[in-house]
Amino acid sequence: MIDLRISNCNKNYGSLRVLKDINLEIERGEFIVLLGPSGCGKSTLLHIVAGLDRLSAGAIEIGGRDVTDVEPKDRDIAMVFQSYALYPTMSVRSNMEFGLRMRGKPMSEIRPLVEEKARMLHIDHLLDRRPSQLSGGQRQRVAIGRALVRDPKVFLFDEPLSNLDAKLRASMRTEIKKLHQSLGTTAIYVTHDQLEAMTLATRMVVMKAGEIQQVGKPEEVYHRPVNLFVADFLGNPGMNFMKGHLRLEGGRVSADVGAATIPLDGYAFDTAPTDGQAVVVGLRPESVQPSTGGEPFALTLKPTLIEHTGSDNLVVLAMGGEEIVGKFPSDMLPTLGEPVTVGFDLSRLSVFDAQTERRI
Amino acid sequence: MRRFLQRHVSQVALSPSLALIAIFLYGFIAYTAAVSTTNSKAFPRFDTFVGLEQYWRLFHTPRWHVAFTNMFLFGGLFLLVTISLGLLIAILIDQRIRAESFFRSIVMYPMAMSFVVTGIIWQWLLNPTLGIEVMMHQLGFESFRLDWLTNPDTVIWALVVAAFWQGCGLVMALFLAGLRGIDEDIWKAAAVDGIPAWRVYVFIVIPMLAPVFLTVVVLLSLSIVRAFDLVVALTNGGPGVSSDLPSVFMFDMAFRRTNLGLSAASAVVMLGTVLAILIPYLYIETRERA
């Protein structure tokens, strides 16, 4: 069942097109993450879904009802903001109650509801405090609590964890995930943090310059990016790119990337390859591993730099005139300048047309 | 010597102004307090010590009572009118209106004028034979009457209106800055929560402006106690002494009635009034900072 439908959504500020023909259908219970660099329009899209921004053209449907011209309060949504946006002059309890009171719900119903949600978020002991007396993590819990008590059809999160420190962010991320699993409410979550996107999303939407680049499950977007932008935007360290040309010989396809020829026999082409086509071959660092001898394709390369991250060693290898990065286990420490044999996991290859930057 | 200078450069740089403040501010405050214990007439004479007699006399002078009561009456009305209308104008200007800076300038403009000019402008406007009343008569409203300046019971309103016209800009600017400082997300959260705008103002935004209110009240209160030139230019204390303020009383006693002792006593009482306003404010401010 479709809970939210965004059709042909456009947003212009004067001649500046912030959103271009966005189409998206979200099923009930999905956790959709909008991911993209700043200025890509992801927050604008969220604000439009919330009704805080008007769209220039297109339509928004929530729960099968056209809400394009409906006020935010009547859209059956709740929103959590990056700056928490708690009402500073009210206690935590009043913050959570206020929206319901405005809707004319009787206090006898509001009280137990607020207390139940507060227990759920472990903030029941803070109910009588002011937001200024809380830590950042606690404030964000209150903001989430304020959204929860409304029991909306769709939750909207606008970079809710960006103001928290790294450790707190990780634990809040886990909690939001648990919360979604237990409630099963549809959610849209905006972030520029790819780790948040990968871990939280049931489906993620990668955006750039007001356009959707790719929609899919996190692992699908990660392993089968549709274009160079998505391939490059996801992953840390980023994907290795090798420029080259395709060669078709006797029914076999391979990519000539200068220093080596990579066989593409097992690669599932989306479009038919042509001989001499300029391509970019992409391979993630974790698919470049020290050789165990059994790989179908291995190269002997010279390490030029090693970065220790604790869990792995990132090894920069010279390959022709270019450099590629391999993610080695932490107990595998090559010596600088001494060639090592690395195996390439060719099942994880991505090949892009150099001109259109699309996956082929 | 060099090392001394290097270490104490800030104190050395400040010392001339500190010395000036010590002499011309605190020195003369002390001097005034000393004069208030004498029976000085046209010139200060310390051989006529009378203790607190001038204060006793001050509080038995009917004109002082008029002036002192007027200060609270004028002050209360002025605070109420200026704060409520200043806040209202700030809220209206904050609605992302067109030509915002134009309206801002209009409201701020009177602030650039001295109280004397303000007083004279309003004296003309309120003059029954020159100003608004004549204009209304010419427009056909023959029964229109605006005799604030000549009626002892309403003359205080003339002061309030002129002072508001002058002070509104500052109050509006302070409130507008406060309103602009409020996180946009609060408004968005309120919109999603379905809270009507006036309720957001009453329950959330205006309480958030509490520090601005404090600043505004203190600034306006000080200008109330100091108010002098406006009264002199607009009403000169009249009709009779009905629009007298303590500062006018003080000036009159010192320079026209040659009663320096009584004048000094009234100055000390005014200082006490100012301190009564300032000390709680400074206390709250420093406690919040700590």
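Everything numeric here is computed off the predicted structure, so don't read it as measured data. (Residues numbered from 1 in each chain as written. Chains lettered and ligands numbered in written order. Predicted model: local features only at pLDDT ≥ 70, side-chain atom pairs only at ≥ 80, totals over all residues. Heavy atoms only, no water.)

### Focus on the sheet that holds strand β2 (residues 16–27) of chain A
Residues and elements named next belong to chain A. Spatially, the 4 strands line up as an open sheet ordered β2-β1-β4-β5, and their pairing is antiparallel. Two strands in the sheet have a free side with no partner beyond their single neighbour: β2 and β5 (65–66). Relative to β2, strand β1 (residues 2–13) is paired through 8 bridges, and the arrangement is antiparallel. By the bridge assignment, R5 is partnered in β2 with E25. In this fold helix α1 (residues 42–50) packs onto β1, β2 and β4 (57–62), with an angle of close to 120° to the strand it touches most, β1. (Pairing = 2+ DSSP bridges. Helix = DSSP H or I, 4+ residues; strand = E, 2+ residues; numbered from the N terminus. Contact = heavy atoms within 4.5 Å. Axes fitted to C-alpha atoms, helices over the stretch in contact; angles between N-to-C directions.)

### Overview of the packing of aromatic side chains
This model, assessed by the stated rule, comprises 24 aromatic pairs over all chains. Aromatic side chains Y267 of chain A and F269 of chain A sit 4.9 Å apart centroid to centroid with 80° between the ring planes, which places their arrangement in the edge-to-face category. With a centroid separation of 5.3 Å and 80° between ring planes, the pair formed by F68 of chain B and F72 of chain B is classed as edge-to-face. Taken together, the residues span about one helical turn, with F68 of chain B and F72 of chain B both in helix α4 (residues 62–93) at a distance of 4 residues. Given a relative accessible area of 21%, F68 of chain B falls into the partly exposed group. Each member of the aromatic cluster is reached from another via a ring pair, and the members are F59, W64, F68, F72 and F249 of chain B. The residue whose ring lies beneath R146 of chain A is Y87 of chain A, and the NZ or CZ to ring-centre distance is 4.7 Å. Over the ring of Y222 of chain A we find R284 of chain A; its NZ or CZ atom is 4.0 Å from the centre of that ring. (Phe/Tyr/Trp six-rings, centres within 6.5 Å; stacked < 30°, edge-to-face > 60°. Buried < 20%, exposed > 50% of the residue type's maximum accessible area, 1.4 Å probe, protein only. Lys NZ or Arg CZ within 6 Å of the ring centre and 35° of its normal.)

### Considering unusual backbone geometry
All names here are of chain A. Residue N236 is joined to P237 through a cis peptide bond whose omega torsion reads 0°. Assignment of secondary structure puts P237 in the loop between α8 (228–233) and β11 (240–249). Positive phi is not limited to glycine here, since Y84 has a value of about 70°. Turning to its location among the elements, Y84 is positioned in the loop between β6 (77–80) and α2 (92–102). Phi at A85 takes a positive value of approximately 55°, unusual for a residue other than glycine. With respect to the helices, strands and loops of the structure, A85 is situated in the loop between β6 and α2.

### Quick word on the pairing of β6 of chain A
Residues and elements named next belong to chain A. Alternating positions in β6 separate into two faces, I77 and M79 on one and A78 and V80 on the other, with burial throughout. Pairing between β6 and strand β7 (residues 154–158): 4 bridges, direction parallel. Bridging from a neighbouring strand, I77 pairs with V154 of β7.

### Some remarks on a nonpolar patch on the surface
Residue and element names in this part refer to chain B. On the surface, I21, L25, Y26, I29, L271, L275 and I279 cluster together into a nonpolar patch covering about 620 Å² of accessible area. The set of elements that each furnish at least two residues to the nonpolar patch consists of α2 (9–35) and α14 (260–289). It is α2 that provides the largest number of residues to the nonpolar patch, a total of 4 residues. Structurally, the position occupied by I29 is in helix α2. (Patch = residues over 30% accessible without salt bridge, like charges linked within 9 Å, V, L, I, M, F, W, Y side chains within 5 Å. Areas by Shrake-Rupley, 256 points an atom, 1.4 Å probe, with all protein chains shown as cover. Salt bridge = Lys/Arg side-chain N within 4 Å of Asp/Glu carboxyl O.)

### Looking at the environment of D151 of chain A
With respect to the secondary-structure elements, D151 of chain A resides in the loop between α4 (136–148) and β7. In this structure the C-alpha to C-alpha distance between D151 of chain A and E30 of chain A, which are 121 residues apart in sequence, comes to 16 Å.

### A few points about the interface of chain A and chain B
Contacts between the two partners involve 22 residues from chain A, matched on the other side by 17 residues from chain B. In total, chain A and chain B occlude about 1600 Å² of area from one another, counting both sides; carbon and sulfur atoms represent 68% of this. Ranking the residues of chain A by area buried against chain B places Y87, T89 and M102 of chain A at the top, with a combined share of 31%. Notably, a salt bridge pairs R150 of chain A with D193 of chain B, separated by 3.1 Å at the nearest N-O pair. Counting across the interface, chain A meets chain B through 9 residue pairs in polar contact (both at pLDDT 80 or more). Broken down by secondary-structure element, the contributors of at least two residues to the side of chain A that touches chain B are β6 and α2 of chain A. Class assignment of the residues belonging to the side of chain A that touches chain B gives a composition of 13 nonpolar, 5 polar and 4 charged. (Buried area = accessible area lost by both parts, 1.4 Å probe. Polar contact = N/O pair within 3.5 Å; in protein donor to acceptor, adjacent residues only side chain to side chain. Nonpolar A, V, L, I, M, F, W, Y, C, P; charged D, E, K, R; others polar.)

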